Amino acid sequence: MDKFLQQKYLLPIVIFIFFIVNSIQGNYTELLPDEAYYWVYSQYMDWGFFDHPPLVAVWVKISDFLFNNEMGVRFFSSISFSILVYLLWKTIDHPKKNRFTWLFLLLIFSTALLNVYGFITTPDTPLLLFFSLFLFAYKKYLSKKNTLSYLLLTLSIAGMMYSKYQGVLIVLFIFLSNWKLAKDYKIWLVCLGALVLYIPHIHWQYINDFPSIRYHLYERASVATYKFEYTLMHIVNAIAILGFTFIIIYKAFFKGIKNNDIFHRGLNSIVLGFFFFFLAASFRGHVQAQWIAPIMLPLILITFNYLIEHKKSLNLFCYLALTNITIILFVRIIIANEGIIPIKLDFH
């Protein structure tokens, strides 16, 4: 069994199996209202839409070209999730990582909210893919500043921005964690290149009187009266997106908060930056759980490296992860089979 868990084909085999599982899940689970909304986007392709950039419509368009019904909205999400998992794995450079492939997979498939993006299509789906590419490119840049790393950074930044506007926060928090980036003129060329790629969307905003900016900054966010429950729910969401493993994951995070490794510092900056940015946003209105979804990726990388070196925490994590996975599987069966429980779900 140990040899199987460590062998080199474990990762691609499990990724392929879960691609099949996610595809089946996507086919038999009815659509969320938001997914139907994004399907409408895909029927009127443009460089932008009222409240989001256009990449989610591209995800749906590709799926719709290949399949009908629910698969016509979700199929490409199953593919992009599989690529995301592989990119995260390639980002890890721990010398013992190949002996702990099983642990990496356990982290991925026990992280509650992350699993959802393997079979539903929302703007977070492409955002997480390009975020994983960004982390991979940034790690490569720190070790070897070659042409490929600069090109991948350019592509990933543009991809994040075309997915969801909060992609700019990821870039900002990385800069805040590593001011030396400002001294590399090629990094400024990366930013310029990403901006050039983003010009079609900026132009779309301009000719349509910046509807997304007005909506997100003024129309949607402001509330007449602050409610403490907005802030409380933001804190609860930071736990809920992980599931029961939050105990170990946040322990790993806080244990490594003083780690001076540049890449690790960047991961910490993203987690803290997202948490406090949307903590502040909670004073203006309700903060949704998926808004902090990107912190799952750096937390997975941080926790993986921590657990390899801390066997006691590893044992507890395994029990909690298996609990998470059991609940996740149960929920996935429920949402794919309406009528199992008497409660009406938000799938149609």
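Residues numbered from 1 in each chain as written. Predicted model: local features only at pLDDT ≥ 70, side-chain atom pairs only at ≥ 80, totals over all residues. Heavy atoms only, no water.

**Student:** Pulling in residues and values, what's your account of helix H14 (residues 246-255)?
**Tutor:** Those residues of H14 that fall on the buried side of the exposure criterion are Ile248, Ile249, Tyr250, Ala252 and Phe253. In this fold, the buried residues of H14 make contact with helix H13 (228-240), helix H15 (262-281), helix H16 (296-309) and helix H17 (311-336). (Buried < 20%, exposed > 50% of the residue type's maximum accessible area, 1.4 Å probe, protein only. Helix = DSSP H or I, 4+ residues; strand = E, 2+ residues; numbered from the N terminus. Contact = heavy atoms within 4.5 Å.)

**Student:** If you had to explain the pattern of salt bridges to someone new, which residues and values would you point to?
**Tutor:** Tallied over the entire structure, the rule returns five salt bridges. The residue Lys139 makes a salt bridge to Asp93 at a minimum N-O spacing of 3.1 Å. Of this pair, Lys139 sits in helix H8 (residues 124-143) while Asp93 sits in the loop between helix H5 (71-91) and helix H6 (101-110), and the two are 46 residues apart along the sequence. The class for Lys139 is buried, based on a relative accessible area of 17%. (Salt bridge = Lys/Arg side-chain N within 4 Å of Asp/Glu carboxyl O.)

**Student:** Please set out unusual backbone geometry residue by residue, giving values where relevant.
**Tutor:** The backbone phi angle of Asn69 is positive, close to 60°, even though this residue is not glycine. Relative to the helices and strands, Asn69 resides in the loop between helix H4 (55-66) and H5. Non-glycine residue Phe210 carries a positive phi angle of around 50°. Structurally, Phe210 is set in the loop between helix H11 (185-207) and helix H12 (211-219). Judged by relative accessible area, which is 31%, Phe210 ranks as partly exposed.

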